[in-house]
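Residues per chain are reported as follows:
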Amino acid sequence: MNENNSYPVLSQQEINENVEEEEDDDDIMTSQELFQRLQQAWLNEKYSPVLLKHENLLVLATFELLDDIEKRLKTSEHKTTSFRWLMHRTEYNRVYFILCSYIRTRCFKIEEYPSEALNSEELLSPEECVYAHTYLNNMKQHLKKSVLSELKSEQQQQQQQQQNDDNTLIPLLPKPNSSEFVFFQADKSVNGLILSNELNNNGASNDIIDIKNDDQYIMQFKHIHKLLLEKQIHLV
């Protein structure tokens, strides 16, 4: 097998030298490229204060890769005794950890900001969408019992009417802080990034900067959110 079609760090051929596969490198993502993309998606999600778009195809491809590695490890003639086998198992655990951490990070954000997540359902996977709806419904029921039921008697009649409207509970839920500062590195040069809508005496924006490729910056997330979605930058 071509070494480009390798598992992260170690090659598939080393796992099973008798396996022969013919793949088109131009059409199929190598496992090393898959790992790098997964790692960057994980870091972007980890450092972003808001929920990003779910990398559905990337996650499915990683599950398939892990399943393939595990099958090869189980059929290896020298499992548990070969240093090479142990190294492959270590690499499997590393990829598995990053994948699980990526999923956990997204679940944490859904739990932290369920109403915001459901306001942008296009960012969620089908499973995350079901989880967000379930979690939000449970949160509403909890708030009704622990907050509304404890109000003073003179407010009970008014609150009884509001209690029937779940939307009155939404303002009680936290929202992500898009003004939080983040570190990022530019993958492409960007000219004329506007940081403020305030205009000077000439009618031009006071805060406009140019971002140079490969340079690192610290900036409020709201200013670079669009660049992150367009994959012009990545968080570090």
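Preceding block: the structure.
What comes next concerns the included structure. (Residues numbered from 1 in each chain as written. Predicted model: local features only at pLDDT ≥ 70, side-chain atom pairs only at ≥ 80, totals over all residues. Heavy atoms only, no water.)

1. A word on the overall build of the chain
Part 1: A count of helical and extended segments in the chain gives eight helices and five strands.
Part 2: Beginning at the N terminus, the succession of helices and strands in the chain can be written as α-α-α-α-α-α-α-β-β-β-β-α-β.
Part 3: With 236 residues in all, the chain has 36% of them scored as buried.
Part 4: Put simply, the chain shows about 15000 Å² of open surface, and 47% of that area lies on carbon and sulfur atoms. (Helix = DSSP H or I, 4+ residues; strand = E, 2+ residues; numbered from the N terminus. Buried < 20%, exposed > 50% of the residue type's maximum accessible area, 1.4 Å probe, protein only. Areas by Shrake-Rupley, 256 points an atom, 1.4 Å probe, with all protein chains shown as cover.)

2. Points about the environment of W42
Part 1: Following the sequence through the fold, W42 ends up in helix α2 (residues 31-47).
Part 2: The buried category is assigned to W42, whose relative accessible area is 12%.
Part 3: Spatially, the C-alpha atoms of W42 and T105 are 8.3 Å apart, while their sequence positions differ by 63 residues.
Part 4: Not counting chain neighbours up to four residues away, the residues in contact with W42 comprise F97, I98, S101 and Y102. (Contact = heavy atoms within 4.5 Å.)

3. Re the layout of surface pockets
Part 1: Taken as a whole, the largest pocket holds about 390 Å³ of empty space.
Part 2: Every residue lining the largest pocket is counted, 17 residues in all, and those nearest its centre are A41, N44, E55, L228 and K231.
Part 3: Counting residues per element, the lining of the largest pocket draws most heavily on α2, which supplies five residues.
Part 4: For the lining of the largest pocket, the class distribution of residues is seven nonpolar, four polar and six charged.
Part 5: If you count residues domain by domain, the lining of the largest pocket takes at least three from each of domain 1 (28-175) and domain 2 (177-235). (1 Å grid on protein atoms, 1.4 Å probe; cavity = no way out; pocket = protein on both sides within 12 Å on 5 of 7 lines; lining within 4 Å. Points joined across faces, edges and corners; volume = space filled by probe spheres on them. Nonpolar A, V, L, I, M, F, W, Y, C, P; charged D, E, K, R; others polar. Domains from an automatic or database assignment.)

4. Section: the sheet that holds strand β1 (residues 181-186)
Part 1: The three strands lie next to each other as β4-β1-β5, forming an open sheet whose pairing is antiparallel. Pairing within the sheet leaves two strands with one partner each, and these edge strands are β4 (216-220) and β5 (233-235). Each adjacent strand pair in this sheet contributes to an overall mean axis angle of 40°, direction not counted.
Part 2: In this sheet, β4 lies alongside β1 in antiparallel orientation, the contact comprising five bridges. Directly across from F181, in β4, lies its bridge partner Q220. (Pairing = 2+ DSSP bridges. Axes fitted to C-alpha atoms, helices over the stretch in contact; angles between N-to-C directions.)

5. Some points on the pattern of salt bridges
Part 1: All chains considered together, the criterion is met by seven salt bridges.
Part 2: Salt bridges here are not isolated pairs; linked through shared partners, they connect E45, R106, K109 and E128. (Salt bridge = Lys/Arg side-chain N within 4 Å of Asp/Glu carboxyl O.)

6. Let's talk about α2
Part 1: The terminal C-alpha atoms of α2, which comprises 17 residues, lie 24 Å apart, in line with the 24 Å expected from a rise of 1.5 Å per residue.
Part 2: Inspection of α2 places S31, L34, F35, L38, A41, W42, N44 and E45 among the buried residues, and these make up the whole buried set.
Part 3: Elements that come into contact with the buried residues of α2 comprise α3 (56-75), α4 (83-112), α8 (221-229) and β5. (Expected span 1.5 Å × (residues − 1).)

7. Here we look at the packing of α2 against α4
Part 1: Two elements in contact, α2 and α4, have axes separated by 9 Å at closest approach and are oriented at 30°. One finds that α2 runs roughly parallel with respect to α4. Regarding α2 and α4, the two cross each other, and that crossing is left-handed. Counted together, F35, L38, Q39, A41, W42, E45 and K46 of α2 and R94, V95, F97, I98, L99, S101, Y102, T105, R106 and K109 of α4 form the full contact between these two elements. (Parallel < 35°, antiparallel > 145°, perpendicular 65-115°, else oblique. Left-handed = near helix turned anticlockwise from the far one by under 90°.)

8. Focus on the environment of Q220
Part 1: Here Q220 lies in strand β4.
Part 2: It is 8.9 Å that separates the C-alpha atoms of Q220 and F183, two residues lying 37 residues apart in sequence.
Part 3: What Q220 contacts, discounting residues up to four positions off in sequence, is S178, S179, E180 and F181.
Part 4: A polar contact of 3.2 Å, which involves the side chain of Q220, links it to the backbone oxygen of S179. (Polar contact = N/O pair within 3.5 Å; in protein donor to acceptor, adjacent residues only side chain to side chain.)

9. Some points on the packing of α4 against helix α6 (residues 126-146)
Part 1: Where α4 contacts α6, the axes come no closer than 9 Å and their chain directions differ by 35°. Helix-helix and strand crossings are classified by hand; for α4 and α6 the assignment is right-handed. Along its contact with α4, which presents R106, C107, I110 and E111, the element α6 presents E128, Y131, A132 and Y135.
Part 2: Residues that form the contact of α4 with α6 fall into these classes: five nonpolar, no polar and three charged.

10. Some details on unusual backbone geometry
Part 1: You will see that D214, though not glycine, has its phi angle at about 75°, which is positive.
Part 2: Structurally, D214 is set in the loop between β3 (208-211) and β4.
Part 3: Despite not being glycine, K231 shows a phi value in the positive range, around 60°.
Part 4: The residue K231 is located in the loop between α8 and β5 in this model.
Part 5: Judged by relative accessible area, which is 53%, K231 ranks as exposed.

Such coordinate-based values are descriptive only and should not be taken to indicate function.
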